[in-house]
Amino acid sequence: MEHKFLNFESIDILDGFWCRKQEMLRKTTVWAVYDRFKETGRFDAFKCDKNSEIKPHIYWDSDVAKWIEGASYLIKKSPEPKLEEIIDEVVDNIEKNQLPCGYFNSFYIAIEPQNIFKNRDCHELYCAGHLIEAAVAYAEATGKTKFVDLMIKYVDYIEYRFKIKGDTGFKTPGHEEIELALVRLYKFTGERKFLDLARFFVLERGKSLETALTDWANESYLQSHMEAKKQDKAVGHSVRATYFYCAMADIALLDGDEELKSACEKIFDDIINRKMYITGGIGSTHHGEAFTIPYDLPNETAYSESCAAIGLVFFAHRMLILTGEKKYADVIERVIYNGFLSSISLDGKAFFYVNPLEIVKKNHTRHKSVNFSDHLPPMHRFEVFDCSCCPPNIVRFLGSFASLLYTYNESGIYLQQYASSKAKFKIDGKEITLIQKTSYPQNGKISLISDTDVTVFVRVPEYLGDLNFAKNGYVPLRLVANVEKTIEFELPTMLIEGNPKILAAAGKVALARGSVVYCMEGCDNESELFNIRINKNTDFIHGFDNELGVPTITVSAFIREDSDALYSPLSQSRKEIFAKFIPYHAFANRGETDMQVWTLVE
Ligand code: FUB
Ligand code: ZN
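Values in this document were obtained by computation on a predicted structure and should not be read as measured data.

Turning our eyes to something else, we now look at the pairing of strand β8 (residues 445–450). Pairing geometry for strand β7 (residues 430–438) and β8, over five bridges, is antiparallel. Its bridge partner being in β8, glutamine 436 is matched across the sheet by leucine 448. A loop of six residues connects β7 with β8, the two strands running antiparallel in sequence. The pairing of β8 with strand β11 (residues 485–488) spans four bridges and is antiparallel. Looking at β11, one finds that leucine 448 is bridged to lysine 485.

Put into structure tokens, the structure is as follows:
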């Protein structure tokens with residue numbers, strides 16, 4: 001059954017885990033990303049000065065647009081005049097430089113006007129999509145409509161060139177994004193032509209062969225290997241893919257299109273049953289930043305791009321709305337506490353683009369002559385990248401994070417993610433304020449109080465399996481006005497096995513407490529991490545790391561002692577040690593050191 005979701009603007013996150021992340025976003029991250037983008041010329045690129053010393057990148061517009069979208073979410077919740085001033089300047093520059101036909105892209109206007117809409121993989125429609133999303137978010141935050149009006153002019157031109165005239169060098173975007181942005185523009189304006197254009201881009205994709213780029217950047221890489229409705233597997237570039245699947249789910253919902261819905265369901269299941277890391281990361285190879293084959297989930301060379309984790313949450317959230325099925329919210333929980341959160345440093349200033357599941361710093365198992373250099377994982381986060389798509393995506397994701405907390409329908413409110421918050425609903429004309437108090441993920445206790453009688457269906461976390469008092473995975477709590485009710489889920493600490501087909505997890509286990517996956521770091525453990533074998537009967541000793549400000553788990557383990565012999569007969573001789581784990585999302589915050597999620601067990 002379809003659900004509606006409660007937008008972040010109706011929810012205040014009050015305290016606890018996610019409140020601290022949002023405060024970090026407002027105080028630090030949004031400014032850190034701005035400063036780096038300003039220094040690198042991304043904001044000035046909007047002046048479209050062809051003589052500028054700094055040559056813009058083809059998709060710098062999208063970097064700034066995602067930052068504007070995130071900044072707008074902050075403004076929506078509480079005024080930020082300085083952010084508004086920065087955004088207004090960008091909008092003025094767009095107004096000054098937009099071509100009379102409506103076209104806008106700072107790179108193409110300044111550097112290659114002769115190549116407008118010629119090359120499918122040059123991200124013009126991707127940039128347009130992000131600018132549209134930014135414009136809508138800014139209008140919703142401030143009531144200022146200049147930006148959105150400029151973008152509507154641009155969209156009209158896109159519609160004319162791609163749909164009406166059809167004289168462009170390609171039919172559908174190389175990097176999806178404009179599709180879901182057009183759906184958003186439709187919802188904002190109510191104008192059907194934007195939805196029609198979104199549908200056009202989704203349904204035209206894969207109908208005819210558009211140019212493939214290289215051997216790996218082929219039609220599958222671009223999700224153009226077949227029509228959307230026939231697709232049933234996650235393929236190709238993982239960010240492009242998830243954005244495309246989001247648009248498919250949007251159209252499925254708005255048009256009641258069962259074929260598109262079924263395609264989305266199959267693709268989603270392919271991801272979560274065969275192609276997703278335990279952290280919720282997706283994309284197993286840096287070749288094409290892409291999905292590969294089922295169960296190919298290498299640890300050290302994992303790509304697991306931050307934007308792909310975000311894309312998976314966007315897709316899962318849409319599927320949750322479309323179907324009301326809890327598994328989608330379970331996946332969101334897995335991603336937000338692991339593969340998404342690892343992307344940002346604890347101080348909020350630096351970011352991972354690639355989120356590995358293993359780092360072997362000394363790298364002594366491979367000589368540098370092995371052509372491995374471009375696969376090796378990053379050992380620390382960066383403040384900005386040449387291709388800096390992830391940092392501003394993180395800004396917009398955290399800025400609108402509260403939208404993930406609740407859905408609702410005529411039967412009541414569904415609590416999908418746990419976070420202390422005050423939410424204001426309007427269901428069937430009735431206003432309801434619901435307060436959720438919790439210290440999750442520190443413990444599993446959730447207290448709820450509302451000002452009106454209402455049923456709240458509390459999602460049972462995936463790691464608890466099926467509870468007999470739950471219905472379809474949700475515990476129904478009938479709240480009577482102003483009477484607090486509490487539910488407490490157990491938060492088990494577990495050793496987890498991977499599917500036997502996952503080579504990278506063979507003979508190994510991962511450690512998790514609830515949905516938070518843990519890892520070992522070299523700086524906490526004296527042995528090489530790959531030599532450590534967790535004792536399968538271990539107790540779990542819970543502690544706290546004051547330097548990092550995160551919980552720790554210590555387990556009993558064995559190592560093989562060092563030896564001079566290169567080979568020796570198998571012996572049972574082992575040294576007992578304790579191995580210390582920290583949450584995966586907190587790794588790489590104490591300098592460069594080894595890290596490992598999957599550990600041998602015996
Ligand atoms: O190409 C634009 C963005 O940069 C993609 O979404 C990321 O994967 C990175 O390639
Ligand atoms: Zn990215």
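Turning our attention to the coordination of the zinc ion (ligand 2). Distances from the zinc ion (ligand 2) to its protein donors, Glu305 (OE), Cys307 (SG), Cys389 (SG) and Cys390 (SG), fall within 2.1 to 2.4 Å. Counting gaps between the donor residues of the zinc ion (ligand 2) yields the pattern E-x1-C-x81-C-C. One end of the pair, glutamate 305, is in the loop between α10 (258–275) and α11 (306–323); the other, cysteine 390, is in helix α13 (residues 390–399), with 85 residues separating them in the sequence. Each of the two residues, glutamate 305 as well as cysteine 390, counts as buried.

Here the focus is the site of ligand 1. Tyr59, His123, Tyr126, His175, His237, Val239, Glu289, Glu305, Tyr353, Cys387 and Cys389 make up every residue found near ligand 1. Contacts to ligand 1 include tyrosine 353, whose side-chain N or O atom sits 3.3 Å from an oxygen atom. The class makeup of the residues in the shell around ligand 1 is six nonpolar, three polar and two charged.

This part covers helix α9 (residues 238–255). For α9, spanning 18 residues, the distance from its first C-alpha to its last is 25 Å, which sits close to the expected 26 Å at 1.5 Å a residue. The buried fraction of α9 is high, at 15 of 18 residues. Phi turns positive one or two residues past the end of α9, at glycine 256, with a value near 60 degrees.

Here five strands make up an open sheet; going across it, the order is β1-β4-β5-β9-β10 and the pairing mixed. The open sheet has two edge strands, β1 (4–5) and β10 (474–479), and neither has a second partner.

Below, the discussion takes up unusual backbone geometry. As a rule of thumb, non-glycine residues mostly have phi less than zero, and peptide bonds are mostly trans rather than cis. The amide bond that connects tyrosine 440 to the next residue, proline 441, takes the cis arrangement and shows omega of 5 degrees. With respect to the helices and strands, proline 441 occurs in the loop between β7 and β8. Positive phi, normally seen in glycine, also occurs at cysteine 48, with a value near 55 degrees. The phi dihedral of phenylalanine 117 is positive, around 55 degrees, even though this residue is not glycine. Mapping phenylalanine 117 onto the fold places it in the loop between α4 (106–110) and α5 (124–142). For phenylalanine 117, a relative accessible area of 1% puts it in the buried group.

With antiparallel pairing, the five strands of this open sheet are ordered in space as β2-β6-β7-β8-β11. Only two strands of the sheet have a single partner each, and these edge strands are β2 (11–13) and β11. Across the sheet, the mean angle separating the axes of adjacent strands is 20 degrees when strand polarity is ignored.

In this sheet, strand β13 (residues 508–513) lies alongside strand β12 (residues 493–496) in antiparallel orientation, the contact comprising four bridges. When the bridges of β13 are listed, isoleucine 496 appears paired with alanine 510. In this sheet, strand β14 (residues 516–521) lies alongside β13 in antiparallel orientation, the contact comprising three bridges. In the strand pairing of β14, arginine 513 is matched with valine 516. The hairpin formed by β13 and β14 contains two residues between the paired strands, and glycine 514 there has a positive phi angle of roughly 60 degrees.

The geometry of an aromatic ring pair is captured by two quantities: the separation of the ring centres and the angle between the planes. Counted under the stated rule, the structure contains 38 aromatic pairs. Here the aromatic rings of phenylalanine 162 and phenylalanine 201 are separated by 5.7 Å at their centres, their planes lie at 70 degrees, and the arrangement is edge-to-face. Of this pair, phenylalanine 162 sits in helix α6 (residues 146–165) while phenylalanine 201 sits in helix α8 (residues 192–204), placing them 39 residues apart in sequence. The exposure classification of phenylalanine 162 matches that of phenylalanine 201, with both residues buried. With a centroid separation of 5.8 Å and an interplanar angle of 90 degrees, the aromatic rings of tyrosine 408 and phenylalanine 425 are classed as edge-to-face. A residue pair is termed long-range when its members are at least 10 positions apart, and tyrosine 408 in strand β4 (residues 406–409) and phenylalanine 425 in strand β6 (residues 421–427) qualify at 17 residues. The buried category is assigned to tyrosine 408, whose relative accessible area is 14%. Through a chain of ring-to-ring contacts, the aromatic side chains of Phe17, Trp18, Phe314, Tyr337, Phe340, Phe397, Phe401, Tyr418, Tyr440 and Phe489 assemble into a single cluster. Lysine 21 extends its terminal NZ or CZ atom over the ring of phenylalanine 17, reaching a point 5.6 Å from the ring centre. Sitting over the ring of phenylalanine 244, arginine 205 keeps its end group 5.3 Å from the ring centre.

On to the pattern of salt bridges, then. Under the defined criterion, the tally for this structure stands at 47 salt bridges. Here arginine 120 and glutamate 210 are joined by a salt bridge, their closest N and O atoms 3.2 Å apart. Here glutamate 210 lies in the loop between α8 and α9 and arginine 120 lies in the loop between α4 and α5, a separation of 90 residues in the sequence. Glutamate 333 serves as the salt-bridge partner of arginine 459, at 2.6 Å between the closest nitrogen and oxygen. Note that arginine 459 is positioned in strand β9 (residues 454–459) and glutamate 333 in helix α12 (residues 326–337), a separation of 126 residues in sequence.

Our next topic: the side chain of glutamine 417. Tracing the chain through its elements places glutamine 417 in the loop between β5 (412–415) and β6. Here arginine 459 takes part through its side chain, which lies 3.1 Å from a polar atom of the side chain of glutamine 417. Excluding residues within four positions of it along the chain, glutamine 417 makes contact with Ala329, Ile332, Glu333, Ile336, Leu404, Leu405, Gln436 and Arg459.

Calculation rules
- Residues numbered from 1 in each chain as written.
- Chains lettered and ligands numbered in written order.
- Predicted model: local features only at pLDDT ≥ 70, side-chain atom pairs only at ≥ 80, totals over all residues.
- Heavy atoms only, no water.
- Pairing = 2+ DSSP bridges.
- Helix = DSSP H or I, 4+ residues; strand = E, 2+ residues; numbered from the N terminus.
- Donors = N, O, S within 2.8 Å, 3.2 Å for Na, K, Ca; no water.
- Buried < 20%, exposed > 50% of the residue type's maximum accessible area, 1.4 Å probe, protein only.
- Near = heavy atom within 4 Å.
- Polar contact = N/O pair within 3.5 Å; in protein donor to acceptor, adjacent residues only side chain to side chain.
- Nonpolar A, V, L, I, M, F, W, Y, C, P; charged D, E, K, R; others polar.
- Expected span 1.5 Å × (residues − 1).
- Axes fitted to C-alpha atoms, helices over the stretch in contact; angles between N-to-C directions.
- Phe/Tyr/Trp six-rings, centres within 6.5 Å; stacked < 30°, edge-to-face > 60°.
- Lys NZ or Arg CZ within 6 Å of the ring centre and 35° of its normal.
- Salt bridge = Lys/Arg side-chain N within 4 Å of Asp/Glu carboxyl O.
- Contact = heavy atoms within 4.5 Å.

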